Amino acid sequence: MLMLITYDISLEDEAGQARLRRIAKHCLDYGVRVQYSVFECDIAPDQWVVLKAKLLETYNPDTDSLRFYHLGSKWRGKVEHHGAKAAPDVFKDTLIV
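Keep in mind that what you see is a predicted model, and the values were worked out from it rather than measured.

Engineer: How do you make sense of the pairing of strand 2 (residues 32-35) when you look at a structure like this?
Structural biologist: One face of the sheet, then the other: side chains in a regular strand alternate in exactly this way. Pairing geometry for strand 2 and strand 3 (residues 38-42), over three bridges, is antiparallel. What sits directly across from Arg33, in strand 3, is Phe39. As consecutive antiparallel partners, strand 2 and strand 3 are separated by two residues.

Encoded structure:
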């Protein structure tokens, strides 16, 4: 299933910078960054449970925001991209790292 994860982390203090890095790292472990604070994760349901728990443990609910969009398994027809910096389709194309 495809999950779209977006976040807004408060940078009012030093702890915010650390939370921002940890949130991004958790998302990178499971998906691809498509914009600065937006990740697409093609993920199995059991992996989603783990990732969501990590994100909810990391963010500060008093100052930060997390949004999860469940696009499901038929997501390809629901996603359009226009403009510069299109993300590679790592879910379809071969990616060499």
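That shown, we press on.
Engineer: Explain the pattern of salt bridges here, please?
Structural biologist: Oppositely charged side chains can pair when the atoms bearing their charge come close. Counted according to the given criterion, the structure contains two salt bridges. One salt bridge connects Asp64 with Arg19, and the closest N-O pair in it is separated by 2.7 Å. You can see Asp64 sitting in the loop between helix 2 (45-58) and strand 4 (65-72) and its partner Arg19 sitting in helix 1 (residues 14-30), a full 45 residues away along the chain. Among the residues examined, Asp64 registers a relative accessible area of 8% and is labelled buried. Among the residues examined, Arg19 registers a relative accessible area of 8% and is labelled buried. Taking the shortest distance from any N to any O, the salt bridge between Asp29 and Lys25 comes out at 3.2 Å. Residue Asp29 and its partner Lys25 are both found in helix 1; the two are separated by four residues, about one turn of the helix.

Engineer: Would you explain the pairing of strand 3 in this entry?
Structural biologist: Extensive coverage of strand 3 is indicated by the burial of four of its five residues. Where strand 1 (residues 2-8) meets strand 3, five bridges bridge the pair, whose relative direction is antiparallel. The residue of strand 3 that forms the bridge with Leu4 is Glu40.

Here is what the cut-offs are and how they apply
- Residues numbered from 1 in each chain as written.
- Predicted model: local features only at pLDDT ≥ 70, side-chain atom pairs only at ≥ 80, totals over all residues.
- Heavy atoms only, no water.
- Pairing = 2+ DSSP bridges.
- Helix = DSSP H or I, 4+ residues; strand = E, 2+ residues; numbered from the N terminus.
- Salt bridge = Lys/Arg side-chain N within 4 Å of Asp/Glu carboxyl O.
- Buried < 20%, exposed > 50% of the residue type's maximum accessible area, 1.4 Å probe, protein only.

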